[in-house]
Every structure is written in C-alpha cells, then in structure tokens.
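# Examination of the molecular architecture
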Amino acid sequence: MLQKLAAAACAIAGIYLLSILVTGGYAVNFAGLRFDADKLWPAIVATLGFALLRTIFRRGSIRGALRSSPRFIIFSLALIVFLANGRTISGGDSVPAKNLPLSILEHGNFYLDQLKTPGAKKIPYYLRESGGHYVSDYPVGAALIALPFYVPSVLCGVSPSSRIFSELEKVSAATIVALSALLLYMAAARVTANWMAMLLTLIYSFGTISLSVSSQALWQHGPAQLALAAAIYCLVRARDDPRFAGYAGLPLAFEVITRPVDALIAAPLGLYVLISYRREIWTFIAAAIAPLLFQLWYNAAYFGTPLRIQFFTEPQTVGGQTVAPSGLWATPFASGLALEVLSPGRGLLFYSPIFILSLAGLALAWRRNGDALLRYLGVGAILSILIVAKWHKTSGGESFGPRLLADLTPIMAFALFPLADSIRKRRALAAAFAVLGAWSIIANGSGAFISYRGWNTWALNDPDTRLWLWSDNPVVDPMRSAFDSIRIALGHRATSRNSPDLLDARVIVLKPPPANAAPGSRVRVSIRATNTGNAVWLTGRSLDERGVVGLGWEWKRDGTVVADSEARRELHLNVFPGDSMNLEASTFAPDAPGRYELEISLAAEIRGQVSRPIGPPLTVPVTVGASAAPSGSAP
C-alpha cells in the first residue's frame, strides 16, 4: 500500500514538474487563494523524494534499498541536497554559460549581444567583442552540456525573459555534479569495498566544493568534474575491458575544452593510456577528436583564430589595465601555494581537510604494487595545484573556498580508497576520518546554505590580510553570528535595530591613501571603527535590513558631493560596545583634476532608504591630478 502511494505521489510530482517546465510557470486561483507554480526545485525534490520512498518501501528497509539500487539512491540524494537551499549561487563567470543555451537553441549561434547594455562604456568582463558581436570570453563547454535542460522550455515557447531559465542554470549545474558523483561511485565500487565507495562518494558530494560551488551555478567546474569522473570510470573499467581506455579520450578532451588548464590533468592520463593500453591509443585519439575539432571551429568562427586559448594567448584587462598573458601568472609561488592550500579564506585543506588523508592515499599509490592509475591522477593533481598557485587572482574572486581547485575533487575523493582496510582496522584512523569528514561537510554546507557574500566583499579588497584571518572567514563567521545572537537575546542587549539612539562610533585612519592620485585610479583608505556607544552594531544578516550598520563613503569638492560617488558596504560581523573592526574604504578617484575630500562615515538603516549616522564622519584630503601617480604606486 505504502509503495503504491509513494508511486502515485511521485507521478503527480513529476507531472507538476513537467507542467512548470513547458509553461515557464503559472498561477492557479482556488477558493480565493492564489497558488504560484513557478519553481522547479521543489517539484524535482518531491519527485525524487517520493521515488526514494517507493524504493525503500519496495525493499522493506533503507539497507535493502541501498543494496538493490545504490546508484539511484546516490544520484537522487546528491541532487536533493544540492537543490535544497532553493537558490542559485552564481557569479559573473557563469553568466555566459546560463545564457548561451538560449542563443544556441533560438538563434543557432553563440552570440551574447543581449548581455551588453546599450550605451554602456564598458562591457562586462565575461564578454569579448569580436566581429561586431559580443561572445563569451570563457570556454563554452558548460553551456553545451547544459543544452538538454533548456530544450523542453524553448521548444514549448517559454519566453526568454521567464525566471525559469535562471532556475534552469541551478538545476542543470546540480544535475551535472550529481551525475559526476554517480560515476565516481561506479568507478570506486570496482576497486574497493562498497561501503568505502559510498563513503568517498559522500565526501565528494557534500564535503568538497562540489556542494558549495560547482552544483550551485553553471561554473566551468561542474562539467569538468563530470568529464573527469567519466574518464576515471572508463580507465577503471578498462581493467576488465581494455576498450574503455580508448573511450576515455572523449571525456578527457571535453574536460580540456571546458577548462583548458585541465590539460595538466588530461596529459598524464593520456600517458597512462599510452603506457598501459598501447593498443587502445588510436581509439583514445579518435574519441578525443570531436571535442577538439569543435573547439578549433568555434575559435576560428568567433575569434578569428583556431588556436585562441583564454588567459594563454590573449591579453586581459585587469583593474582597468591591459595585461599580457604572462602577467596573469605572476603570483609568487610560495604565497600562492600557501593561500590555495592552507589559508582559512581559500585553502583546500581548510575547507576539505579530509583531503589530508587523500594525500596519504596518493602516496600509497607509489608503493610496490600500488595503483598505477592513482599515480597518474596524483601527478595531474599536483601539476594543477602548482599552476593555480601562479594565477594572479589565486583567491578565485567572488566565490567560496578553493573554487579554483574544484576540478581536482574527483581525484582527491577517489584517492581515499587505498585507506579502506586501514580505516576498518585502526580506530584512530577511523576517528580521524570521521572528524575530518565532518568538518569538510560542515564547511561546505556553510557555503551552500549560508550567505558568504558579505565576507567576500570585505575580504577581496584586502586579500593579503583577510584571507588569512582564522577568526573571520566564511566557516567561522556563521558560528560567531549564531553565538552573538544568543548573547544579544539572553543579555537583552540594545542593538542598532531596537535602540538607534544609543549608537556612537570613533573612526581613525590606519593607512591613508597617497596625497595625490591619478584620475580614475583606485583609492584605498584603511580605517579602524570602534563602537563607543551602548548598542550592538548589527550585520547584513538582518532579515529586513533594519538596523544594519554599514560603512559609506563619497567624494566632495568644496563641500559639494560629486555625482555618482556615493557607496556603502554593510558590515559582515556584529560589533559589540567597546569592540573595534578594521575596515577599508575602496573607490575610484574622480575623473576631473582638483582637490577633493573623501568623506567616510558609519550609518545604520532605520527604515527603507533612511539611515542614521553613527558618530562624526572622517574626512581624507586627496589631490587628483592628470600627472599624479596611480594610487598605491611607488613614488
């Protein structure tokens, strides 16, 4: 009976999902109530949830369901969790990928002219002007693999402006990463015990950047992870059927056209096929031809040269200046490596410390009779880590955790399998695995379910300092905010929300800007703000923004505010009376030469657009001259 009810509910949810997909959403009025059917994720979660219940009822228990249908359960559970936050966490890098499927299906081309605002002086950094049109500056592999998800809505005539297409970005990204988890499990189940295969797949899905970034929007990483997981499966399957070694050429080539830097992963695996499966090397090459030919055609058609590779063959605009490709890889190696591996702001081993054990697994592969495939995977992982350490923006920009190393997660998770016997026999190792795995899941769950945008806003303006703060990062800050909320509630503390009259502040300059600045150059002022009042300054986590404290700044000339120079940035942590916070005002100098004052002040949102100043403003004089050196340059 329960099985039939679950099957019926699954069918109803599936029909509901399809109705939204083909209409773009609709509203139903019944008995004076309005029901909006315009969100895909609840329908997908319901469909998969009821399908899981049907499987459990059919097998009599969860254990029985896991034994009979492990692949379906792994895929469904991963997709449900990826979608459960109900929002798309995107960035500028993913904008072309989510819009290209519409251009391809509706116009038969890869143009993105609709993303260029008419009359705007600058084009978005993710676009490139070519042949009188605007195209993606990023590879288009992610858009290609997302195409099937857009087809039903486009074929049924859903308007391109429908919000459903924004949601399809998240749905396609989440499904792609869930498929990569399924393939990783299928590969691991062939080389280790089933419980270990499930465990490392759990870590891969929820204890890595797969949960917090790759599954949340159409970044390049998700499709690259899927391609790499498919290649790993093929190469593991080749132990029983050598033909699969040749088939691995297709996903590896697709990975490279999706993320060109992943050639450093694909090359060692190609060498592995050449050495271990020499008879299959021509099949491997043939399988790789189609993606590579597409990329050559695309480059020639849309950039005028078949050999165009983003970040390697063309200069880029960074901070308003044109930088040669070699200049994009100029970060000092030691500092870049430390940042991407160890730092609390972006470190791989901070957000996924379970990978400490993965490194042990990669090392074990080099013992006599160690896993040969794992050796080549380890070489690819190391090469990728080394090159990312040289990237000029090792922080990865507006994102969470070690995003730039997301493509390595299938390798690092797969590398856990040699530890299976040791985990079963050694309690200390099992305990370490549990603790490191739990932290990894909590850290990445924080990125998926708790907003980190406020922290990013401050951190990326002072990355050398803020990315290394152990007490102020996207994992610790939610815990601090929760603790602060308890302190405020139990202590009945006055706050900027309920007692704005008790607010006061003292602001001092820690690092002034140069006295002279070039027009349009970046001007930064480091300050320290101390809460000298009797009320807690609240952060941007407030639900209705009332009481939120922010730092604002504006340019003035002869006491008059310069047009369009005002800016405001909300604090990302609460500040209790007597405590201080180091902040930075960052803006661009006015275009017209002259003497200006940069006025910096704190204010709390009271209602709507009305704000209440906190303490006296701070004024910093700056002379803008046509011949002045850019801010921050040597005298």
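Here goes a summary of the coordinates provided. If you're wondering where the values come from, they're calculated on a predicted model, not measured in any experiment. (Residues numbered from 1 in each chain as written. Predicted model: local features only at pLDDT ≥ 70, side-chain atom pairs only at ≥ 80, totals over all residues. Heavy atoms only, no water.)

Our next topic: the overall build of the protein. Secondary structure assignment for the protein yields 24 helices and 15 strands. A globule of 635 residues ought to have a C-alpha radius of gyration of about 26 Å, and the protein, at 27 Å, matches this closely. With respect to the principal axes defined by its C-alpha atoms, the protein has extents near 80 × 60 × 60 Å. Burial statistics for the protein: of 635 residues in total, 53% are counted as buried. The contacts in the protein between residues at least 6 apart in sequence include a share of 72% that link residues at least 24 apart. Surface summary for the protein: the accessible area is close to 28,500 Å², and the carbon and sulfur share equals 61%. Here the protein holds 56 positive side-chain charges and 40 negative ones, and the gap between their average locations is 10 Å. (Helix = DSSP H or I, 4+ residues; strand = E, 2+ residues; numbered from the N terminus. Rg over C-alpha atoms; globule rule 2.2 N^0.38 Å. Buried < 20%, exposed > 50% of the residue type's maximum accessible area, 1.4 Å probe, protein only. Contact = heavy atoms within 4.5 Å. Areas by Shrake-Rupley, 256 points an atom, 1.4 Å probe, with all protein chains shown as cover. Lys, Arg positive; Asp, Glu negative; His and termini not counted. Charge placed at Lys NZ, Arg CZ, Asp CG, Glu CD.)

Tallied over the full model, the rule gives 26 aromatic pairs. Centroid distance Y16 to F35: 6.3 Å. Interplanar angle 40°. Geometry classified as tilted. With Y16 in helix α1 (residues 2–23) and F35 in strand β2 (residues 33–37), the pair connects residues that are 19 residues apart, well separated along the chain. By relative accessible area, which is 45% here, F35 ends up partly exposed. Taking 5.3 Å as the distance between ring centres and 70° as the angle between the ring planes, the aromatic pair formed by Y111 and Y302 counts as edge-to-face. Pair noted here: Y111 is in the loop between α5 (95–107) and β3 (127–130) and Y302 is in helix α14 (residues 281–303), with a separation of 191 residues, a long-range link. A relative accessible area of 24% means that Y111 is categorised as partly exposed. Through a chain of ring-to-ring contacts, the aromatic side chains of F110, Y111, F294, W297, Y298, Y302 and F303 assemble into a single cluster. When the ring centre of F303 is taken as origin, the NZ or CZ atom of R308, which lies over that ring, is 4.0 Å away. (Phe/Tyr/Trp six-rings, centres within 6.5 Å; stacked < 30°, edge-to-face > 60°. Lys NZ or Arg CZ within 6 Å of the ring centre and 35° of its normal.)

What follows is about the nonpolar core. Soluble globular proteins: nonpolar side chains tend toward being buried together. Grouped together as the largest cluster of nonpolar side chains are 129 residues, with contacts concentrated most on L40, L269, F414 and L416. Top element by residues in this core is helix α7 (residues 164–188). It accounts for 17 residues. Setting aside anything within four residues of it in sequence, one finds L40 in contact with L17, I20, L21, I164, E167, L168 and V171. Counting 33 residues, the second largest nonpolar core, distinct from the first, contains V525, V575, L583 and I614. (Core = buried A, V, L, I, M, F, W, Y, C linked by side-chain atoms within 4.5 Å.)

A contiguous nonpolar surface patch, about 600 Å² in accessible area, is contributed by M1, L2, L5, F50, L53 and F57. Every element with two or more residues in the nonpolar patch is listed here: α1 and α2 (40–59). Mapped onto the elements of the fold, F50 is located in helix α2. A relative accessible area of 31% means that F50 is categorised as partly exposed. (Patch = residues over 30% accessible without salt bridge, like charges linked within 9 Å, V, L, I, M, F, W, Y side chains within 5 Å. Salt bridge = Lys/Arg side-chain N within 4 Å of Asp/Glu carboxyl O.)

Attention shifts here to α2. Given a rise of 1.5 Å per residue, 20 residues ought to cover 28 Å, and the 29 Å separating the end C-alpha atoms of α2 matches this to within 8%. Among the residues of α2, those classed as buried are L40, A43, I44, T47, L48, A51, L52 and T55. Each buried residue of α2 sits inside an arc of 165° when the element is viewed along its axis, so together they form one side. Here the buried face of α2 lies against α1, α3 (62–68), α4 (70–83) and α7. Directly after α2, the chain includes G60, whose backbone phi takes a positive value near 90°. (Expected span 1.5 Å × (residues − 1). Arc of directions from axis to C-beta.)

This next bit is on unusual backbone geometry. For N369, which is not glycine, the phi torsion reads 70° and is therefore positive. Along the chain, N369 falls in the loop between α17 (355–364) and α18 (372–388). Even without being glycine, D558 reaches a positive phi, approximately 55°. Within the secondary structure, D558 sits in the loop between β10 (549–557) and β11 (560–561).

A separate point is the packing of helix α15 (residues 333–342) against α18. Axis separation between α15 and α18 bottoms out at 8 Å; the angle between their running directions is 115°. Listed contacts from α18 to F333, L337, E340 and V341 of α15 are I385, L386 and V388. Partitioned by chemical class, the residues of the contact of α15 with α18 number six nonpolar, no polar and one charged. (Axes fitted to C-alpha atoms, helices over the stretch in contact; angles between N-to-C directions. Nonpolar A, V, L, I, M, F, W, Y, C, P; charged D, E, K, R; others polar.)

The strand order across the open sheet formed by three strands is β7-β9-β13, and the pairing between neighbours is antiparallel. Each end of this open sheet is capped by a strand with a single partner; those strands are β7 (505–511) and β13 (580–588). When strand polarity is set aside, the average angle formed by the axes of neighbouring strands in this sheet is 30°. Across nine bridges, strand β9 (residues 522–531) lies against β13 in antiparallel orientation. Note on β13: the bridge partner recorded for T530 is S580. (Pairing = 2+ DSSP bridges.)

Opposite charge on two side chains permits them to pair, given that their charged atoms come into close proximity. Taken as a whole and judged by the stated rule, the model has 14 salt bridges. For R524, the salt bridge is made with E584, and the minimal N-O distance between the two is 3.9 Å. A residue pair is termed long-range when its members are at least 10 positions apart, and R524 in strand β9 and E584 in strand β13 qualify at 60 residues. A cluster of three or more residues bridged by salt bridges with shared partners is formed by R128, D137 and R308.

All quantities given are derived from atomic positions and should not be read as evidence of function.
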